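So the chains spell out like this:
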Amino acid sequence: MKKSVIIAGLLAATFAITPAKADKLDDIISSGTLRCAVVLDFPPMGARDDANNPVGFDVDYCNDLAKVLGVTAEIVETPFPERIPALMSGRVDVGVASTSDTLERAKTVGMTVPYFAFEMAVTANDKSGIKSFEDMKGKTVGATAGTFEAIALEKTVKEWGVGEFRPYQTQADVFLALSQGQIDATVSTSTVAQSTVKSGKFAGVSVVGKAPYDIDYVSLFTNRDEYGFINYLNLFINQQVRTGRYAELYEKWVGGEVPSLTVNGVYR
């Protein structure tokens, strides 16, 4: 009996002197800086203004998150293919980078509930004769490698059995290729399509209709085992909607009807 009491006492003492392991949320607050991976060639979600400063929905979202944490936001420019590698290598703390919440990605990183939702649109070279999604059949099409729309479009081309799909490194590369006639059409988010065409930077292209793909729900992401930080991020997204800030940012950068972040029968 006495031996058991002694052992229990030693164990209690051991736990008492063992420091608690700080998680990423604690580390960010202690460091005073929140490093956000943001794609800056994906307007209106992320871009650079005339003074080369990062701007866009995702930039503002990162700044909002940093503000509630009481730290300074650091925007780390990351092209689409580099989003997750930037996190895994320790260059960033969180991805605010319009990242589709796929099950494959969730094997590597921890993903939050959706913070934005995209519909898909078809943008075509005016000389291609493409006026709808179906008109792309047999044509040469492209999209940004690794994105939701690229994966869906490549699958469609394979199912059609005709035409060609070409992947590109960045969204700017896609629209440049489209403007130059290297591809006939692309599928991108409707926000990107409208913003890019309105910018006037890529002549001879037009948004011609919707693509019949599922709504692309995108999440914030961080390290998979950082449960405390993931819980905080989920609450932050919830608060952005409840306070009206999500709608405010949507009106500022996109305009029109604010898309719901809920999936019927799943997210309430």
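Conventions adopted
Throughout this description, residue numbers start from 1 for each chain and increase along the sequence as written. A pLDDT threshold of at least 70 governs which residues receive local features in this predicted model, and a stricter bar of 80 or more applies before side-chain atom pairs are shown or counted, although totals over entire chains, interfaces and linings include all residues. Excluding hydrogens and water, the side-chain values take into account all heavy atoms of the structure. Only a pair of cysteine sulfur atoms within 2.5 Å qualifies as a disulfide here. Runs of H or I in DSSP of at least four residues are treated as helices and runs of E of at least two as strands, each being numbered from the N terminus. Helix span, expected: 1.5 Å multiplied by one less than the number of residues in the helix. Using a 1.4 Å probe on the protein chains alone, a residue whose accessible area is under 20% of its type maximum counts as buried, one over 50% counts as exposed, and one in between counts as partly exposed. Starting at the helix axis, one direction is taken to each C-beta atom, and the arc is that of these directions. The contact definition used throughout considers only heavy atoms, calling two residues in contact when any of these lie within 4.5 Å. UniProt positions are given in the numbering used here, feature names are shortened, and annotations may be inferred rather than shown by experiment. What fixes the domain bounds is an automatic or database domain assignment. A simple way to read buried area is as the amount of 1.4 Å-probe accessible surface that goes missing from two parts once joined, with both sides added. Whenever a carboxyl oxygen of Asp or Glu lies within 4 Å of a side-chain nitrogen of Lys or Arg, that contact is scored as a salt bridge. Pairing of N or O atoms within 3.5 Å defines a polar contact, subject to two protein rules: one partner must be a possible hydrogen donor and the other a possible acceptor, and residues neighboring in sequence count only if both atoms are side-chain atoms. Under the convention adopted here, Pro, Cys and the residues Ala, Val, Leu, Ile, Met, Phe, Trp and Tyr are nonpolar, Asp, Glu, Lys and Arg are charged, and Gly plus all remaining residues are polar.

1. Concerning the state of the cysteines
Then step 1. For the coordinates displayed, the defined rule picks out 1 disulfide.
Then step 2. Here Cys36 is linked by a disulfide to Cys62, with a sulfur-sulfur distance of 2.2 Å. Measuring the twist about the S-S bond at about 85 degrees, one finds the Cys36-Cys62 disulfide to be right-handed. Of the two residues, Cys36 is situated in strand S1 (residues 33–38) and Cys62 in helix H3 (residues 57–69); the sequence distance between them amounts to 26 residues.

2. Points about unusual backbone geometry
Then step 1. With an omega of 5 degrees, the peptide bond between Pro43 and Pro44 qualifies as cis.
Then step 2. When you line up the elements, Pro44 lands in the loop between S1 and strand S2 (47–48).
Then step 3. Positive phi outside glycine occurs at Asn52, with the angle close to 70 degrees.
Then step 4. Summarising the element assignment, Asn52 is placed in the loop between S2 and strand S3 (54–55).
Then step 5. Of note, the phi angle at Ser98 is positive, near 50 degrees, even though the residue is not glycine.

3. Concerning helix H5 (residues 148–160)
Two residues of an α-helix separated by three or four positions point the same way, owing to the 3.6 residues in each turn.
Then step 1. Over its 13 residues, H5 extends 19 Å from the first C-alpha to the last, a length consistent with the 18 Å expected when each residue adds 1.5 Å.
Then step 2. For H5, every residue scored as buried is listed here: Glu149, Ala150, Ala152, Leu153, Thr156 and Val157. End-on, the buried residues of H5 take up no more than an arc of 165 degrees, which puts them together on one face. Structural note: H5 exposes Ile151, Lys155, Lys158 and Glu159 on the side pointing more than 90 degrees away from its buried face.
Then step 3. If you follow the buried residues of H5, they end up packed against strand S7 (120–125), strand S8 (140–144), strand S9 (164–168), helix H6 (171–179), strand S10 (185–189) and strand S12 (216–223).
Then step 4. Following H5 by one or two positions, Gly161 has its phi on the positive side, about 80 degrees.

4. Brief notes about the UniProt feature "domain: Solute-binding protein family 3/N-terminal" (unreviewed entry) in the chain
Then step 1. Using the residue numbers shown here, the UniProt feature "domain: Solute-binding protein family 3/N-terminal" (unreviewed entry) corresponds to residues 33–257.
Then step 2. The distance separating the terminal C-alpha atoms of residues 33–257 is 34 Å; by composition the span is 34% helix and 30% strand.

5. Remarks on the domain arrangement of the chain
Then step 1. Parsing the chain into structural domains produces domain 1 (25–118 + 216–254) and domain 2 (124–210).
Then step 2. Here the C-alpha centre of domain 2 lies 26 Å away from the C-alpha centre of domain 1.
Then step 3. Each partner contributes residues to the interface: domain 1 has 13 residues there, and domain 2 has 14 residues.
Then step 4. Buried surface at the junction of domain 1 and domain 2, both sides included, amounts to about 1100 Å², of which 65% is carbon and sulfur.
Then step 5. Between domain 1 and domain 2 we count 0 salt bridges in total.
Then step 6. Run the count over domain 1 and domain 2 and you get 3 residue pairs in polar contact (both at pLDDT 80 or more).
Then step 7. Among the residues making up the side of domain 1 that touches domain 2, the classes are represented as 8 nonpolar, 1 polar and 4 charged.

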